[in-house]
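Each chain is listed here by its residues.
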Amino acid sequence: MDDFSRSWAALLAAVAELGDGDFARPSGCAGWLVRDLVCHLVIDAQDVLITLVTPVDAEPTRDAVTYWDLVEAPTGQDPLDALVVRLAAAYGEPWLLKFHLDDVGSAAGRAADLADRAMCVGTKDEVLTAGEYLRAYVLEWTLHHLDLVAHLPDAVQPPQEGLARSRELLEAIVGEPFPPSFSDGAALLIGTGRRVPTAAQAAELGELAGRLPFVLG
């Protein structure tokens, strides 16, 4: 099982174990409840399926690091973000969201397992090998797993391998390492603005603190 499959399986398992009341709790994504985040994961799984069946006859233009752009922090005005919230509310019952994510998510996982890692695929008007595309998504799954469990301390946590690989990716995107004293989870949460660093952590970050947060798009 590679990092993509391990991270995705852990995230699907974490959602499957949520109680109905957990879906109304806040997530680590500002302005989104857990149900909104799970709805976003359904869309993410669809994107993976679409991308893996969109081979292109072209050379790669990006890899797992350059797949990500550093963008401005969301303002809450993005129409797609608002659509996700409306879609999530339309499910009504949490079990429907669980069912849809398990259905589409399992298919995305199988497609990833079967994909030729050397095949080139198209997404966001760019070209990557399937292997690099799936490697980029380890960061997506890990960050959203952290978002999912942000206010659910008893929920299944992200696998350590995914945390480590995601930290490596984020540091490559940023162009600087985070302090060795930071755990992988702390580096990801603080680096992406999901957690405000303490005064001591900000001092350790040095000049890097002035560049926070690193919002990925």
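Residues numbered from 1 in each chain as written. Predicted model: local features only at pLDDT ≥ 70, side-chain atom pairs only at ≥ 80, totals over all residues. Heavy atoms only, no water.

What to know about the state of the cysteines
Counted under the stated rule, the structure contains zero disulfides. Cysteine C29 shares no disulfide, and the gap to the nearest cysteine sulfur, in C39, comes to 12 Å. Classification of C29 by relative accessible area gives buried; the value is 13%. (Disulfide = S-S within 2.5 Å. Buried < 20%, exposed > 50% of the residue type's maximum accessible area, 1.4 Å probe, protein only.)

Here's the deal with unusual backbone geometry
Cis peptide bonds are those with omega within 30 degrees of zero, and the linkage from L212 to P213 qualifies with -5 degrees. Relative to the helices and strands, P213 is located in the loop between helix 8 (199-205) and strand 4 (215-216). A positive phi angle, near 55 degrees, is found at K124, a position not held by glycine. In this structure, K124 sits in the loop between strand 2 (120-123) and strand 3 (126-129). The phi torsion at D125 lies on the positive side, around 65 degrees, for a residue other than glycine. Looking at where D125 falls in the secondary structure, it is placed in the loop between strand 2 and strand 3. (Helix = DSSP H or I, 4+ residues; strand = E, 2+ residues; numbered from the N terminus.)

Quick look at the side chain of T129
With respect to the helices and strands, the residue T129 is situated in strand 3. Looking at T129, its side chain comes within polar contact range of the main-chain nitrogen of E132, at 3.1 Å. Apart from residues lying up to four places away in sequence, T129 is in contact with P60, R117, A118, M119, C120 and V121. (Polar contact = N/O pair within 3.5 Å; in protein donor to acceptor, adjacent residues only side chain to side chain. Contact = heavy atoms within 4.5 Å.)

Overview of the nonpolar core
Ranked by internal contacts, the top residues of the largest apolar core, which has 63 residues, are F4, W8, L52, Y133 and L148. Listing elements by their share of this core, those giving two or more residues are helix 1 (3-16), helix 2 (34-52), helix 3 (79-91), helix 4 (94-114), helix 5 (130-148), helix 6 (160-174) and helix 7 (184-191). Of the residues forming this core, the biggest block, eleven residues, is contributed by helix 5. Excluding residues that lie within four positions of it along the chain, L52 makes contacts with A111, A112, A115, M119, V121, A130, Y133 and L134. (Core = buried A, V, L, I, M, F, W, Y, C linked by side-chain atoms within 4.5 Å.)

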